[in-house]
Structure formats: structure tokens, C-alpha cells
Amino acid sequence: MAKKKYYVVWEGRETGIFETWEECQQQINGFPKAKYKSFKSKELAEEAFNNPSEDFIGRDFSKNDLTKEELEKIGEPILNSISVDGAWNTKTGVVEYQGVYTDTETVLFHEGPFEDGTINIVEFLAIVHALAYCKKHRITLPIYSDSKIAISWVKAKKARTNHPRSQKNTKLFQLVDRAINWLNENTYENKILKWETKAWDEIPADFGRK
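Cut-offs applied
- Residues numbered from 1 in each chain as written.
- Predicted model: local features only at pLDDT ≥ 70, side-chain atom pairs only at ≥ 80, totals over all residues.
- Heavy atoms only, no water.
- pLDDT = per-residue confidence, 0-100.
- Contact = heavy atoms within 4.5 Å.
- Core = buried A, V, L, I, M, F, W, Y, C linked by side-chain atoms within 4.5 Å.
- Buried < 20%, exposed > 50% of the residue type's maximum accessible area, 1.4 Å probe, protein only.
- Helix = DSSP H or I, 4+ residues; strand = E, 2+ residues; numbered from the N terminus.
- Axes fitted to C-alpha atoms, helices over the stretch in contact; angles between N-to-C directions.
- Parallel < 35°, antiparallel > 145°, perpendicular 65-115°, else oblique.
- Left-handed = near helix turned anticlockwise from the far one by under 90°.
- Nonpolar A, V, L, I, M, F, W, Y, C, P; charged D, E, K, R; others polar.
- Pairing = 2+ DSSP bridges.
- Phe/Tyr/Trp six-rings, centres within 6.5 Å; stacked < 30°, edge-to-face > 60°.
- Salt bridge = Lys/Arg side-chain N within 4 Å of Asp/Glu carboxyl O.

**Describing the confidence of the model for the protein chain**
Chain-level pLDDT for the protein chain is 88 on average; 93% of the residues reach the 70-or-more range. Between residues 59–64, whose pLDDT stays under 50, and residues either more than four places distant or in other chains, the model counts 23 contacts.

Shown next as C-alpha cells:
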């Protein structure tokens with residue numbers, strides 16, 4: 001059974017502490033500059049809600065028992081950057097993805113849910129969406145993803161998935177095809193970097209459902 005989480009919404013349609021991701025999502029999806037974060041206990045959530053969001057968003061990087069030498073080698077994340085992540089419901093096959101500013105976790109874009117997908121597909125789409133977003137807005141910030149597979153797909157300009165196309169995932173694969181076309185027709189200045197989860201905790205774009 002998944003461990004229960006509590007979701008603090010500092011800026012959204014309604015603010016407060018919500019006990020399910022679905023309730024939190026209703027407050028933040030499509031809301032400009034929504035600010036939210038998940039916590040492992042109600043006590044931590046209450047403390048966070050009663051303090052400025054800046055004290056908690058984008059700065060909770062746990063060290064996960066790595067040695068001092070390993071941490072020094074990895075270093076610290078570049079907070080002035082964009083982070084992307086995908087979510088996949090293994091029971092229903094429903095997927096979605098989003099991109100945020102790493103430092104503040106302010107949502108820049110969110111797409112989905114889509115039916116009948118995989119985590120690799122939406123992780124790939126998230127990176128390409130971030131690249132296209134940055135090019136449109138003339139942003140040259142680095143982009144973080146915690147998926148080595150998705151990063152390799154972007155560099156190869158191919159979605160190397162064996163997942164079958166179906167009527168359910170037509171819209172999703174239309175986005176995949178469009179993403180591949182974009183990569184082949186455009187150049188970009190942004191560096192695509194691997195988010196080091198073991199050193200820095202979950203990527204700021206994480207959906208908080210683990």
C-alpha cells in the first residue's frame with residue numbers, strides 16, 4: 001500500500017492542505033503560477049502551510065546516505081533551471097507530464113491525462129515540450145529530467161518505444177510524432193541534464209504520488 005501523503009497548496013483555486021492528489025489537482029491544474037508540494041505527514045504539511053512557500057519549495061534536497069565523496073562529485077543542482085517529469089498509473093495506463101521552474105516549482109506546462117501510455121513516452125514528451133517552450137520564449141536555461149531513457153531518446157531524435165498504437169492512445173502518439181518532427185526541424189541551446197535523485201531527492205516536477 002502506498003504511503004499516505006498530504007498536499008499543501010499555497011497558490012491555487014483554493015489554498016490549504018489536501019489529503020489526496022485528486023483534490024490537490026483540482027486546485028492547481030490550469031491555475032497560473034500554482035504553488036504546491038507534497039509532505040509525508042500532516043504535521044509537516046501544517047507547518048509548511050503556515051509559512052512562506054519559498055521556505056519549502058525547491059529546497060528539500062535530502063542526501064539519501066551517499067558518501068561525502070559521492071556528494072561532492074555530484075555537486076548541487078542548478079536551481080535556475082527547468083525540471084520535467086511524467087506520471088504513469090500502472091493500473092489504468094493513464095499518463096501525464098509537466099514542467100516547472102526548479103527553484104520555485106512554479107508550473108510552466110502540464111499535459112494530460114492521456115490513455116494507454118508508458119512512463120518513458122511521457123518523460124520523452126516532457127523534455128521536448130520544455131525545449132519547444134524554451135525556444136518559443138527565448139529561454140536558455142538547462143532542463144533536468146530524471147529519466148536516462150527519455151534523455152537518450154531526445155538525443156537520438158527517436159521515441160524507441162515498443163508500446164503498440166491503439167485507438168485509445170491516438171492523441172498521445174500524435175504528440176510523439178509531433179515531438180520527433182520538432183527535434184528534426186529545430187535546434188536548441190538548452191543543456192539537457194540528468195537529475196540525480198539519490199543526491200537531491202525527487203525532481204521538483206515530480207507529481208508526488210510515490
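On we go.
**Digging into the nonpolar core**
Counting residues in hydrophobic clusters, the biggest one holds 32 residues, and the most contacted among them are Ile 82, Val 84, Phe 124, Leu 125, Ile 127, Leu 131 and Val 154. Counting residues per element, the ones that place at least two in this core are strand S4 (82–88), strand S5 (95–101), strand S6 (107–114), helix H4 (119–136), helix H5 (148–156) and helix H6 (170–185). The biggest single contributor to this core is H4, with 10 residues. Ile 127 has contacts with Val 84, Ser 145, Ala 150, Ile 151, Val 154 and Ile 192, leaving out every residue within four places of it along the chain. Residues Trp 21, Cys 24, Ala 34 and Tyr 36 belong to the second largest nonpolar core, which totals 10 residues.

**Here we look at the packing of H4 against H6**
Relative orientation of the contacting elements H4 and H6 amounts to 50 degrees, with a least axis distance of 10 Å. Classified by the angle their axes make, H4 and H6 are oblique. Handedness of the H4/H6 crossing: left-handed. Residues Ile 121, Val 122, Phe 124, Leu 125, Val 128, Leu 131, Ala 132 and Lys 135 of H4 touch H6, and the partners they reach there are Leu 172, Phe 173, Leu 175, Val 176, Ala 179, Ile 180, Trp 182 and Leu 183. Here the contact of H4 with H6 is composed, by residue class, of 15 nonpolar, no polar and 1 charged.

**Considering unusual backbone geometry**
Residue Pro 113 is bonded to the preceding Gly 112 through a cis peptide linkage, with omega at 10 degrees. Residues other than glycine seldom take positive phi values, yet Arg 138 does so here, at roughly 55 degrees. Relative to the helices and strands, Arg 138 is located in the loop between H4 and strand S7 (143–145). Notably, Lys 157 is not glycine yet its phi reads approximately 60 degrees, a positive angle. On the secondary structure map, Lys 157 appears in the loop between H5 and H6. Residue classification places Lys 157 among the partly exposed residues on the basis of a relative accessible area of 34%.

**Some remarks on the pairing of S6**
Across 5 bridges, the pairing between S5 and S6 is antiparallel. By the bridge assignment for S6, Val 100 is matched with Val 107.

**Quick look at the sheet that holds S5**
One open sheet holds the 5 strands; their spatial order is S6-S5-S4-S7-S8, and the pairing between them is mixed. If you trace the sheet from one side to the other, it starts and ends with S6 and strand S8 (192–194), each paired once. Direction aside, the axes of adjacent strands within the sheet are offset by 20 degrees on average. Note that S4 and S7 share 2 bridges and pair parallel. When the sheet's bridge partners are listed, Ser 83 is paired in S7 with Tyr 144.

**Examining the packing of aromatic side chains**
Within this structure, the stated rule accounts for 11 aromatic pairs. Consider the rings of Tyr 144 and Trp 200, whose centres lie 5.8 Å apart with planes at 85 degrees: the pair is edge-to-face. Within this pair, whereas Tyr 144 is found in strand S7, its partner Trp 200 is found in helix H7 (residues 197–200), the two being separated by 56 residues in sequence. Of the residues examined, Trp 200 reaches a relative accessible area of 4% and is grouped as buried. On the basis of an interplanar angle of 20 degrees and a centroid distance of 6.5 Å, the ring pair of Trp 182 and Tyr 188 is categorised as stacked.

**What to know about the pattern of salt bridges**
Enumeration over the complete set of coordinates arrives at 3 salt bridges. Here Lys 35 and Glu 11 are joined by a salt bridge, their closest N and O atoms 3.9 Å apart. Taken together, the residues span a long stretch of sequence, with Lys 35 in strand S3 (residues 35–39) and Glu 11 in strand S1 (residues 6–11) at a distance of 24 residues. What makes Glu 11 partly exposed here is its relative accessible area of 35%. Across the pair Arg 165 and Asp 177 runs a salt bridge, and its minimum N-O distance is 2.8 Å.

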